[in-house]
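Each chain, written out:
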Amino acid sequence: MIAYIHSYRTISRLDSFESGIISNLKKSENGTLIHPDYKAIIPPALIRRMGNLIKMGVGAALCVKGEEKIEGIIVGTGLGCIENTDIFLREFIERTTGTLSPTAFIQSTHNTVAGQIALILKEHGYNSTYTQRGLSFENALIDAMLLSTETNGAVLVGGLDEHISLFEELTKKANLNLKNIGAGSSFFLINQEQKNAKAIISAVANFSCNTASVDGYLNQFLNREKLEMPDLILYGNSFPDNAQIPTIDSVINIENYAAFCGSYMTNSAFGMQFAAEILSGDSSYDAKKILVLNNFQNKDFGFIYLEKP
Amino acid sequence: MKVVVTGIGTISAAGNNVAESLLSLKTSQSTIGLIENIKHIRKPFLGGQVKKSNQQFKAELGINDNEIIPRSTLLSLTAAKEAWADQPLNTEIRTGIISATSIGGMELSEQFYFNYLQTGSMQSIQNLAVHDNGAGTDILARYFNIDSFKFTISTACSSAANAILLGARLIKGNVLDRVLVGGGDAISNFTLNGFDSLMIYDGEFCKPFDDERKGLNLGEGAGFLVLENEHSLSFTKKNILAEIKGWANANDSFHQTASSPDGKGATLAIKKALQQAQISAQLIDYVNAHGTATPNNDLSESVALKNVFGETIPPFSSTKAFTGHTLAAAGGIEAVFSVLALRENILLPNLNFKTPMKETGLIPITKPETKKLNYVLSNSFGFGGNSTSLIFAS
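Calculation rules
- Residues numbered from 1 in each chain as written.
- Chains lettered and ligands numbered in written order.
- Predicted model: local features only at pLDDT ≥ 70, side-chain atom pairs only at ≥ 80, totals over all residues.
- Heavy atoms only, no water.
- Helix = DSSP H or I, 4+ residues; strand = E, 2+ residues; numbered from the N terminus.
- Buried < 20%, exposed > 50% of the residue type's maximum accessible area, 1.4 Å probe, protein only.
- Contact = heavy atoms within 4.5 Å.
- Lys, Arg positive; Asp, Glu negative; His and termini not counted.
- Charge placed at Lys NZ, Arg CZ, Asp CG, Glu CD.
- Pairing = 2+ DSSP bridges.
- Core = buried A, V, L, I, M, F, W, Y, C linked by side-chain atoms within 4.5 Å.
- Expected span 1.5 Å × (residues − 1).
- 1 Å grid on protein atoms, 1.4 Å probe; cavity = no way out; pocket = protein on both sides within 12 Å on 5 of 7 lines; lining within 4 Å.
- Points joined across faces, edges and corners; volume = space filled by probe spheres on them.
- Nonpolar A, V, L, I, M, F, W, Y, C, P; charged D, E, K, R; others polar.
- Buried area = accessible area lost by both parts, 1.4 Å probe.
- Salt bridge = Lys/Arg side-chain N within 4 Å of Asp/Glu carboxyl O.
- Polar contact = N/O pair within 3.5 Å; in protein donor to acceptor, adjacent residues only side chain to side chain.
- Phe/Tyr/Trp six-rings, centres within 6.5 Å; stacked < 30°, edge-to-face > 60°.

1. What about the overall build of chain A?
- Looking only at helices and strands, chain A features 11 helices and 10 strands.
- Along the three orthogonal principal directions, the C-alpha set of chain A runs to about 65 × 50 × 30 Å.
- Counting every position in chain A, which comprises 309 residues, the buried fraction comes to 63%.
- Residue pairs at least 24 apart in sequence account for 72% of intrachain contacts in chain A once pairs closer than 6 positions are excluded.
- One finds the centroid of the 25 positive side-chain charges in chain A at a distance of 4 Å from the centroid of its 32 negative side-chain charges.

Next up, the structure:
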């Protein structure tokens, strides 16, 4: 099961939406996102009613899709529409009498982003949403590659998570040592056509193990998928803790993508665009085979293996 | 490559396991009543509850009572354990887990929020560590020692149906040999107040497909299945309970919460599932409908049934009056019910039905009936336009 990446967009704390990740690389712990001008992308009448995460998803997805015919829309999100979840919780806790507004409830379900993308694009095809913590994007990507293989068609797939101020408020009050909490939205169009592709996704997997066992799981994965040791690992923590980079036996280069985008549950989608940019163009990175290695709390690991098309 | 069902497990207001659920269905016994034991409940609600405390669940599952585990996960563990039974661990069998939920640990997050917003107390902050949907799947995966291909799906009320669909596709696509699939949801203030704010929560017993239907009653529960291919069967030697023959996922693409009047998404899902199964519509012997008893869903689904089956609509019913609407779990519980219908050759009753709806005049099965069944269709539709249909074969 493979798929080719044809287009991508990322909303991040870098100015990445129009000109990509590599040309805007800057390590920063300032988590403020640089949003595109949504009014230029989404019908203005709809924007007003959209929560932040929905805007981030719809904005990136519409630009990636362009005029392509797609077979499905698949989204991964660790926490989903947490802003509207927070709003609706406050709504019924604080408004103790009278009727409640359903607006936030409606927008709080995890599948709101994928549903809204379908609604705006008038797409009646396959539609799904994955919420497996730090592996949510890998979940979505496996389904997208399967769907693309089954239909021999194109699939819109993305990973996104939003940030709310409650994170900092609680982190401070509970004296939690969380750092570099991030947010972002990355979408991709993948299909089975090699022509003009930016990168090929050769294999995706997820494993639950301890950090010391990752090297063993990586070797198993490479053997099973008949892949060579990558020449670059793009590594990221998808939870804002102090999870360690696993020791990989063979000497290979490692770049920490979470240092650029922050830690959030779907930041491996940022990692995948980073890899696709390296594989598709000129950059100071010299790599033909890249492993995006995602570490969630030293217990779940995601592998996305990409090569030049 | 055939995808077969070799294990089923369920828990809901209809029963604490498969045998109890079957008995309720066969005798038309519903336990839906006033919802109890939900802290901070805003007003009286009718719903389908499992009469077991979290402590009881933990004791039965051999889990330390101090562990913070959402009720949705305890329900899922219970149903999954029944389905998984004595499945062997074997590295020759590529095994995965796909679990669905819509509220995850919401009932615990709510308790933190109530404390925090009302008194500033951080006492139950640990509850938030299991807020997200994936937290429960992590607990399930550890419980069953499944260390890769771990998925959580959240497509509102079609979630567990999509977990089953993904499991079937991963086996068909030769990615996995065996997979534990299903979903679970508990009752929370979040969902009670949410559906109430949308004015689709019936103050009386829900009446699926009835002209006078006012809305749903929520329920809690879980439903899980074990799916295997022949390679896996050669090791596990399990009995085949049913075959999963067809599956399809489509989007209604009409409105964030409402279903289209022409039943577009539902029609597409059913038609594509029939195509996938390579059988004609006339071969469907029974439809376990989504039938939430909301005015909107039941009309849209009825129109879809007419679109697909024309004037000869197969016997159909909604079992929501037994379970309440269990949201993400519904597709899993109803898949188990569909397999039971096939195994027992029985049409399951739709309780509380009196008057056919004016628009379509459709009449569901209202009493359990014996009939030889070969193919059963199970529908699950949800917010976000998500529409999934599954076809099980004897």
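Next comes the rest of the write-up.
2. Quick word on the pairing of strand β1 (residues 4–12) of chain B
Residue and element names in this part refer to chain B.
- Within β1, 9 of the 9 residues are buried, which leaves it mostly tucked inside the rest of the structure.
- Across 8 bridges, the pairing between β1 and strand β8 (residues 221–228) is antiparallel. Bridge assignment links Thr10 to a residue of β8, and that residue is Gly223.
- By the bridge criterion, 2 bridges tie β1 to strand β9 (residues 242–251) in an arrangement that is antiparallel. Looking across to β9, one finds that Val5 is bridged to Ala242.

3. Looking at the nonpolar core
- Ranked by size, the top nonpolar core spans 96 residues in total, and within it A:Ile5, A:Ile190, A:Ile201, A:Leu306, B:Leu225 and B:Leu227 carry the most contacts.
- The greatest single-element share of this core, amounting to 9 residues, is contributed by helix α6 (residues 159–172) of chain B.
- Setting aside anything within four residues of it in sequence, one finds A:Leu306 in contact with A:Ile5, A:Ala199, A:Ile200, A:Ile201, A:Met272, A:Ala275, A:Leu279, A:Lys288, A:Lys289, A:Ile290 and A:Val292.
- Among the nonpolar cores identified, the runner-up in size contains 64 residues, and A:Phe167, A:Met265, B:Ile139 and B:Leu140 belong to it.

4. Description of α6(B)
All names here are of chain B.
- Here α6 spans 20 Å end to end across 14 residues, near enough to the 20 Å set by a 1.5 Å rise per residue.
- By the criterion of burial, α6 is predominantly enclosed, with 13 of the 14 residues buried.
- Asn174 lies just past α6 and shows a positive phi near 60 degrees.

5. Re empty space enclosed by the protein
- All chains considered together, the criterion is met by 3 cavities of 30 Å³ or more.
- Here the largest cavity is characterised by a volume of approximately 260 Å³.
- Lining the largest cavity are 21 residues, with A:Ser108, A:Thr109, B:Ser102, B:Ile103 and B:Phe190 positioned closest to its centre.
- For the lining of the largest cavity, a count of residues per class yields 10 nonpolar, 10 polar and 1 charged.
- Here the second largest cavity defines a volume of roughly 110 Å³.
- Along its surface, the second largest cavity is lined by 15 residues, and B:Asp252, B:Ser259, B:Ser300, B:Phe381 and B:Ser387 are the ones closest to its centre.
- The set of elements that each furnish at least two residues to the lining of the second largest cavity consists of α9 (264–277), α10 (295–309) and β15 (386–393) of chain B.

6. Quick word on the side chain of B:Thr323
Residues and elements named next belong to chain B.
- One can find Thr323 in helix α11 (residues 320–323).
- By relative accessible area, Thr323 is classed as buried at 1%.
- Excluding anything up to four places from it in sequence, Thr323 contacts Ser12, Ala13, Ala14, Ile32, Gly48, Gly219, Glu220, Ile333 and Phe337.

7. Let's talk about the interface of chain B and chain A
- The interface is formed by 61 residues belonging to chain B together with 61 residues belonging to chain A.
- Per-residue buried area on chain B facing chain A is highest for B:Arg42, B:Arg169 and B:Phe190; these three make up 14% of the total on that side.
- If you look at where chain B meets chain A, you find 5 salt bridges.
- A salt bridge links B:Asp138 to A:Arg133, with the nearest nitrogen and oxygen atoms 3.3 Å apart.
- If you look at where chain B meets chain A, you find 36 residue pairs in polar contact (both at pLDDT 80 or more).
- When residues of the side of chain B that touches chain A are traced back to their parent elements, those giving at least two are α4 (106–119), α5 (133–143), β5 (150–153), α6, α7 (189–197), β9 and α9 of chain B.

8. Let's talk about the packing of aromatic side chains
- Scanning the model with the defined rule gives 26 aromatic pairs over all chains in all.
- Ring centres 5.8 Å apart and planes at 85 degrees place the aromatic pair A:Phe239 and A:Phe296 in the edge-to-face group. Here the residue A:Phe239 occupies a position in the loop between β7 (232–237) and β8 (253–256), and A:Phe296 occupies one in strand β9 (residues 289–296), the gap between them amounting to 57 residues.
- Exposure remark for A:Phe239: the relative accessible area of 22% places this residue in the partly exposed category.
- Taking the centre distance of 6.4 Å and the plane angle of 80 degrees together, the rings of A:Phe270 and A:Phe274 count as edge-to-face. Of this pair, A:Phe270 and A:Phe274 both sit in helix α11 (residues 268–280), 4 residues apart, roughly one helical turn. Each member of the pair A:Phe270 and A:Phe274 is classed as buried.
- Within the aromatic cluster, the residues linked to one another by ring pairs are A:Phe88, A:Phe92, A:Phe105, B:Phe114, B:Phe190, B:Phe195 and B:Phe383.

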